[in-house]
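# Fold and contact review
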Amino acid sequence: MVSLIASQENIPTAGSRQLGFSIEGMNCASCVGRVEKAIRAIPQVTSASVNLAAERADVAFSGPPNADAVVKAVKDAGYRVATEIVDLSIDGMSCASCVNRIETALRVVPGVADASVNLATGKAAVTVLTGTIRAADLEAAVDRAGYTARRIVAEKPVDHGAEARERETRNLSRAVALAAVLTLPVVFLEMGAFLFPAIQTYVVDRIGHQTSSYIQFVLTTIILLVPGFRFFKHGIPALLRWAPDMNSLVSLGTGAAWLYSVVATFLPGLLPEGTHNVYFEAAAVIATLILLGRYLEARAKGRTSEAITRLVGLQAKTARILGDGATIEVPLEQVKVGDLVLVRPGEKIAVDGEVVEGSSFVDESMLTGEPMPVAKGSGDTVFGATINKTGSFSFRATKVGSDTVLAQIIQMVERAQSAKLPIQALVDKVTAWFVPVVIGIALIAFLVWFAFGPQPTLTFALVAAVTVLIIACPCAMGLATPTSIMVGIGRGAEMGILFRNGEALQTLRHAEVIALDKTGTLTKGRPELTDLVADNGFERDEVLALVAAVESRSEHPIGEAIVDAARQAELAIGTPETFEAIPGFGVSAKVGGRTVEVGADRLMAKHGIDTAGLASVAERLGDEGKSPLYAAIDGQLAAVIAVADPIKPSTPRAIEALHRLGLKVAMITGDNRRTANAIARQVGIDDVVAEVLPDGKVEALHRLRGKGHRLAFVGDGINDAPALAEADIGIAIGTGTDVAIESADVVLMSGELTGVANAIGLSRSTLRNIKQNLFWAFAYNAALIPVAAGVLYPAFGILMSPVLAAAAMAFSSVFVVTNALRLKTFRPTLAVGPDATSDKDGQPVQTAP
């Protein structure tokens with residue numbers, strides 16, 4: 001583990017060419033040598049000095065510090081560089097080109113290892129070397145790029161972007177309304193005459209052509225300077241920085257139409273004869289349509305983050321604190337760790353804690369997706385935002401604010417939604433050049449039309465150039481991937497599936513082999529009494545009560561399972577008068593004057609007790625993967641008892657669903673091969689790796705992976721950390737306490753294996769949705785930009801109108817976001833819960849948008 005020096009003097013300033021690192025894990029001079037050698041091998045590094053005692057490395061660079069290279073070098077040497085993620089809220093982005101520029105600006109800041117900007121959320125996740133950079137430096141870098149950034153910091157779960165999205169939607173709504181009101185008269189004056197002769201007569205006779213142009217000029221100028229000013233405010237500075245974006249395209253298009261019309265209106269002598277046309281209506285309608293598109297897009301984008309909004313809304317508003325014999329209701333923010341909190345029937349649990357008094361059933365479906373309430377009693381853990389159903393209890397707060405499970409879930413979902421998938425790399429390469437190329441195409445179209453077009457050539461050239469500028473839509477390309485990720489990951493959170501990073505969402509769909517840990521994954525994770533077959537006239541309850549009395553003195557898990565079974569049956573459990581544990585054989589005791597022996601057949605043989613009557617039963621139970629024991633009372637064989645870690649009721653359905661998805665399923669377990677094979681037969685496992693020690697699971701994964709197969713490992717997230725990290729995709733299956741597992745890529749909150757098939761189904765549907773969006777975004781531009789440039793005119797006489805181009809561009813972005821929203825209708829491949837069933841035909845249900 002590596003952490004970096006956090007003192008102020010080690011934080012680089014502008015122009016600094018040195019970074020200081022604090023490296024943990026070195027224990028000898030050879031470690032120092034390896035780290036120094038690895039860092040010095042970086043081309044930009046001029047010197048590297050590593051101090052073993054101080055666990056510090058000072059690295060000097062010949063140019064701007066390359067923190068990312070140092071991180072990789074240290075990692076390759078067998079160490080890790082600690083990083084932290086700084087979340088920023090970005091204002092002023094309009095398209096994928098903006099994303100590229102902000103990421104580039106952030107990545108060149110010394111101390112930044114990586115930066116990922118999400119156009120759909122308006123946020124940036126910046127990975128920085130711990131202690132080497134201030135948030136203000138990141139904000140300043142974004143400001144220099146022409147945008148506004150502020151750090152996001154929260155002590156409690158909160159949807160950081162909701163307020164900004166609502167404000168932007170309201171502003172766009174007002175802008176659209178104003179632009180529409182002003183645009184209608186312009187369209188009426190200019191276009192109405194072509195549609196209705198009466199309007200033409202009215203305009204010519206009553207208003208006059210020149211006066212009509214003056215009115216259009218005034219109204220269009222107001223449209224561009226008030227509701228449409230946002231295009232020029234961001235687009236022109238970006239153009240002057242030689243970093244044009246979507247706003248630049250709109251500014252050039254509408255500005256060119258407006259300027260040409262102004263010259264035609266006030267200085268017609270400057271234009272060739274026959275070109276005195278005005279295009280005020282084109283500039284006005286284009287601005288209005290693009291504003292409308294952005295308004296619809298903003299509304300749709302708001303829906304993509306509804307999962308976060310719902311999660312935030314789940315938290316309680318107040319809590320009842322017990323103290324000094326009184327109950328005080330306080331705001332949630334005032335609850336502190338250690339407070340005693342009272343929960344009444346039907347109330348939400350305020351924060352995470354441990355029950356100290358009382359009992360109840362708690363609905364934890366918002367965390368796990370499991371519909372059945374969970375019994376809670378003294379010592380049990382409860383989670384904030386879950387709902388108490390029946391009883392009343394008090395608990396001691398153990399986690400509050402941003403430390404609660406709900407807060408961790410929200411943070412995890414937000415981070416995953418802001419992540420970039422590998423498929424985004426192609427989009428980034430294209431969008432980096434898109435806007436400059438479009439401007440170039442528009443310029444070429446203008447020159448070609450002006451040189452070779454029909455009369456009036458200037459008019460045709462202007463229309464073609466403006467149409468190219470307007471129809472190009474990097475917005476659709478920028479939104480194609482992040483909107484699908486946001487909706488897909490949000491839908492997963494609602495189903496109890498938490499993707500810790502975006503890459504896991506893409507990689508999971510390629511999984512070919514699913515390797516499962518047995519204990520706690522396929523099984524319940526705790527032994528239970530499964531069978532008790534009495535013989536020789538003994539009654540079941542009689543035998544169970546006596547055996548439980550004996551096992552009450554044993555600390556073995558099998559003994560605990562027998563005692564639990566007797567308690568559940570409400571049997572009276574006596575106290576042994578004598579007790580003897582015989583290693584390798586079993587136990588013997590005297591209970592109520594009766595001699596009771598419990599153990600293997602070896603113990604029975606030692607005491608001369610014949611087990612032939614139940615030998616076949618014991619063999620059958622052993623073949624089923626259970627652990628059979630014999631019980632004798634007063635020297636006579638009384639029963640055969642079987643204890644096992646039971647298979648979860650949902651496991652067979654989950655395995656079947658994985659097979660239906662075309663996956664091979666394997667089991668890795670430390671159990672003996674006979675037990676492992678018995679369980680595999682029961683649930684339909686394809687491959688079994690048995691008798692594996694905890695540190696041998698990684699080697700088992702290598703064997704299962706075979707010839708390049710993508711492999712996902714499913715474990716409980718605690719003892720399986722190495723295997724979870726080694727697999728292509730690590731899936732932690734738990735009950736909510738494993739949210740912060742660092743080694744897993746996906747966390748299944750329900751504790752049910754059915755979540756694996758659901759996660760794979762969601763991954764496949766999300767990637768399919770992304771490809772649909774990308775196809776539309778690229779195909780739209782590839783097909784319509786040439787049309788806008790006029791390639792169809794020579795053969796078909798078709799020249800696209802700038803107004804139609806604006807409508808098409810607005811539709812493109814709205815289409816992409818709306819298509820992504822279809823992921824909200826994704827249904828689980830399998831219902832969650834031990835008692836859940838498939839559809840009415842017994843087939844797993846799956847919707848694949």
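Because the structure is predicted, anything quoted here is derived from the model rather than measured. (Residues numbered from 1 in each chain as written. Predicted model: local features only at pLDDT ≥ 70, side-chain atom pairs only at ≥ 80, totals over all residues. Heavy atoms only, no water.)

## Thoughts on the overall build of the protein
Threshold: Put simply, DSSP marks the helices as runs of H or I at least four residues long and the strands as runs of E at least two long, and each gets a number from the N terminus on. Whether a residue is buried, partly exposed or exposed follows from its accessible area with a 1.4 Å probe, protein chains only, as a fraction of its type maximum: under 20%, in between, or over 50%, in that order. Should any heavy atoms of two residues lie within 4.5 Å, those residues are counted as being in contact. Computed with a 1.4 Å probe, the accessible areas rest on the Shrake-Rupley method; for each residue, only the protein chains presented here act as cover.
A tally of regular secondary structure across the protein gives 30 helices and 30 strands. Per-residue burial for the protein yields a buried fraction of 54% across its 849 residues. If you take every contact in the protein between residues at least 6 apart in sequence, the share linking residues at least 24 apart comes to 69%. In the form shown here, the protein has an accessible surface area of approximately 36200 Å², with 57% of it arising from carbon and sulfur atoms.

## Concerning the sheet that holds strand β12 (residues 352-358)
Put simply, the test is: At least two DSSP bridges between two strands are needed for those strands to be called paired.
Taken together, six strands build an open sheet; the order of strands is β10-β9-β11-β17-β12-β15 and the sheet is antiparallel. Looking along the sheet, the strands with just one partner apiece sit at the ends: β10 (326-331) and β15 (381-382).

## Brief notes about helix α28 (residues 754-789)
For clarity, the cut-off: In this analysis, the expected span of each helix is defined as 1.5 Å times one less than the number of residues it contains.
Relative to the 52 Å expected for 36 residues at 1.5 Å per residue, α28 spans 53 Å between its end C-alpha atoms, a close match to the ideal helical length. Once α28 finishes, Gly790 follows within two positions and takes phi at roughly 100°, a positive value.

## A few points about the sheet that holds strand β16 (residues 387-388)
Spatially, the three strands line up as an open sheet ordered β14-β13-β16, and their pairing is antiparallel. Single-partner strands in this sheet number two, and they are β14 (374-376) and β16.

## Brief notes about the pattern of salt bridges
Here is the rule we go by: In what follows, salt bridge is the name for a side-chain nitrogen of Lys or Arg lying within 4 Å of a carboxyl oxygen of Asp or Glu.
According to the stated counting rule, one finds 16 salt bridges in the structure shown. Across the pair Glu624 and Lys626 runs a salt bridge whose closest N-O atoms are separated by 3.1 Å. Put simply, Asp531, Arg620, Glu624 and Lys626 are held in one network by salt bridges that share partners.

## With respect to the environment of Gly761
Structurally, Gly761 is set in helix α28. C-alpha separation for the pair Gly761 and Leu661, spaced 100 residues apart in sequence, amounts to 8.3 Å.

## Looking at the packing of aromatic side chains
For clarity, the cut-off: Centres within 6.5 Å are what make two rings of Phe, Tyr or Trp a pair, Trp counting through its six-membered ring; a difference in plane orientation under 30 degrees is then read as stacked, over 60 as edge-to-face, and the rest as tilted.
Evaluated as defined, the whole model comprises 14 aromatic pairs. Both rings, one in Tyr260 and one in Tyr279, keep their centres 5.9 Å apart while their planes meet at 55°; by these two values the pair is tilted. Of the two residues, Tyr260 is situated in helix α10 (residues 246-266) and Tyr279 in the loop between α10 and α11 (280-304); the sequence distance between them amounts to 19 residues. What makes Tyr260 buried here is its relative accessible area of 9%. Tyr279 gets classed as buried once you look at its relative accessible area, which sits at 14%. When the centroid spacing of 4.6 Å and the interplanar angle of 40° are considered together, the rings of Trp776 and Phe815 count as tilted. Of this pair, Trp776 sits in helix α28 while Phe815 sits in helix α30 (residues 802-821), and the two are 39 residues apart along the sequence.

## With respect to a nonpolar patch on the surface
Rules: Patches were defined on residues exceeding 30% relative accessible area and lacking a salt bridge, with like-charge contacts within 9 Å and nonpolar side-chain contacts (Val, Leu, Ile, Met, Phe, Trp, Tyr) within 5 Å.
On the surface, Leu178, Val218, Ile222, Leu225, Val226 and Phe229 cluster together into a nonpolar patch covering about 510 Å² of accessible area. Among the elements that take part in the nonpolar patch, helix α8 (residues 209-225) stands out by supplying three residues, more than any other. With respect to the secondary-structure elements, Phe229 resides in helix α9 (residues 229-240). On the basis of relative accessible area, Phe229 is assigned to the partly exposed category, the value being 40%.

## Details of the UniProt feature "transmembrane region" (unreviewed entry) in the protein
Counted only if it meets this: UniProt positions are given in the numbering used here, feature names are shortened, and annotations may be inferred rather than shown by experiment.
According to UniProt, the positions carrying the feature "transmembrane region" (unreviewed entry) are residues 175-199, 211-229, 249-271, 277-296, 430-452, 458-481, 774-793 and 799-821. Annotated as 85% helix and 0% strand, the span residues 774-793 places its first and last C-alpha atoms 28 Å apart. The span residues 799-821 is 87% helix and 0% strand, and its two end C-alpha atoms sit 34 Å from each other.

## Structural notes on the confidence of the model for the protein
Quick note on the threshold: Scored from 0 to 100, pLDDT reflects the predictor's confidence in each residue.
With 83% of its residues at a pLDDT of 70 or more, the protein shows a mean pLDDT of 80. Scored below 50 in pLDDT, residues 1-16 makes 45 contacts in the model with residues more than four places away or belonging to other chains. A low-confidence stretch, residues 834-849 (pLDDT under 50), is modelled with 40 contacts involving residues beyond four sequence positions or located in other chains.

## Quick word on helix α4 (residues 135-144)
Stated formally: Think of it as the arc spanned by the lines of direction from the helix axis to the C-beta atoms.
Among the residues of α4, Ala135, Leu138, Ala141 and Val142 are the ones counted as buried. For α4, the arc enclosing every buried residue in end-on projection is 120°, short of the 170-degree limit, so these residues lie on one face. One or two steps after α4, the chain reaches Gly146, where phi turns positive at roughly 100°.

## Some thoughts on the packing of α8 against α10
Each pair of packed helices can be described by the angle between their axes along with the distance between the axes. What counts here: For every element, the axis is a line fit to its C-alpha atoms; helices are fit only across the contacting stretch, and the angle between N-to-C directions ranges from 0 to 180 degrees. Note on terminology: angles under 35 degrees are roughly parallel, angles over 145 are roughly antiparallel, angles of 65 to 115 are roughly perpendicular, and the others are oblique. It is the rotation of the near helix from the far one that decides the hand of a crossing: anticlockwise by less than a right angle makes it left-handed, clockwise makes it right-handed.
Orientation of α8 relative to α10, taken along the N-to-C sense of each, is 150°, at an axis distance of 10 Å. In terms of orientation, α8 lies roughly antiparallel with respect to α10. In the packing of α8 onto α10, the handedness of the crossing is left-handed. Packed against α8, whose contacting residues are Gln210, Ser213, Tyr214, Phe217, Thr220, Thr221 and Leu224, the element α10 presents Thr254, Trp258, Val262, Thr265 and Phe266 at the interface.

## Concerning the side chain of Asp363
We apply this condition: We treat Lys and Arg as the positive residues and Asp and Glu as the negative residues; His and chain ends play no part in the count.
Secondary-structure assignment places Asp363 in strand β13 (residues 360-363). An unpaired buried charge is present at Asp363: no salt bridge exists, and Lys389, the closest side chain of opposite charge, is 4.5 Å distant.

## Examining the nonpolar core
Convention followed: We call a set of buried Ala, Val, Leu, Ile, Met, Phe, Trp, Tyr and Cys residues a nonpolar core when their side-chain atoms join them within 4.5 Å.
Grouped together as the largest cluster of nonpolar side chains are 166 residues, with contacts concentrated most on Leu88, Leu106, Leu138, Phe499, Ile514 and Ile685. When sequence neighbours within four positions are dropped, the list of residues in contact with Phe499 reads Met412, Ala416, Ile489, Ala504, Leu505, Leu508, Asp745, Val746, Ala759 and Leu762.

## A word on the packing of α28 against α30
So the rule is basically this: Each residue gets one label: Ala, Val, Leu, Ile, Met, Phe, Trp, Tyr, Cys and Pro are nonpolar, Asp, Glu, Lys and Arg are charged, and the others, such as Gly, are polar.
Two elements in contact, α28 and α30, have axes whose closest approach is 9 Å; the angle formed by their N-to-C orientations is 170°. Classified by the angle their axes make, α28 and α30 are roughly antiparallel. When α28 is examined against α30, the residues Asn769, Gln772, Asn773, Trp776, Tyr780 and Leu784 are found in contact with a partner set consisting of Ala805, Ala808, Met809, Phe811, Ser812, Phe815, Val816, Asn819 and Ala820. When the residues that make up the contact of α28 with α30 are grouped by side-chain class, the tally is ten nonpolar, five polar and no charged.

## Some thoughts on unusual backbone geometry
Backbone torsion omega between Gln455 and Pro456 reads -5°, so that peptide bond is classified as cis. Positive phi values are uncommon outside glycine, yet Asn536 reaches one of about 55°.

## Section: the environment of Ala618
Structurally, Ala618 can be placed in helix α23 (residues 612-623). Ala618 sits 22 residues away from Val640 along the chain, and the two C-alpha atoms are 6.6 Å apart. If sequence neighbours within four positions are ignored, Ala618 has contacts with Pro628, Tyr630 and Val640.

## Notes on the environment of Ser627
Along the chain, Ser627 falls in strand β24 (residues 627-633). By relative accessible area, which is 35% here, Ser627 ends up partly exposed. With 48 residues separating them along the chain, Ser627 and Thr675 place their C-alpha atoms 8.7 Å apart. Contact partners of Ser627, with chain neighbours within four places excluded, come to Ile558, Ile641, Ala642 and Val643.

## Notes on the pairing of strand β29 (residues 729-733)
Among the five residues that make up β29, five are buried, leaving the element largely enclosed by the rest of the structure. Of the two faces of β29, the one carrying Ile729, Ile731 and Ile733 and the one carrying Gly730 and Ala732 are both buried. Relative to β29, strand β28 (residues 711-715) is paired through four bridges, and the arrangement is parallel. Across the sheet, the residue bridging to Phe713 is Gly730, located in β29. Strand direction decides the pairing type here: β29 and strand β30 (residues 746-748), joined by three bridges, are parallel. Bridge pairing links Ile733 to Leu748 in β30.

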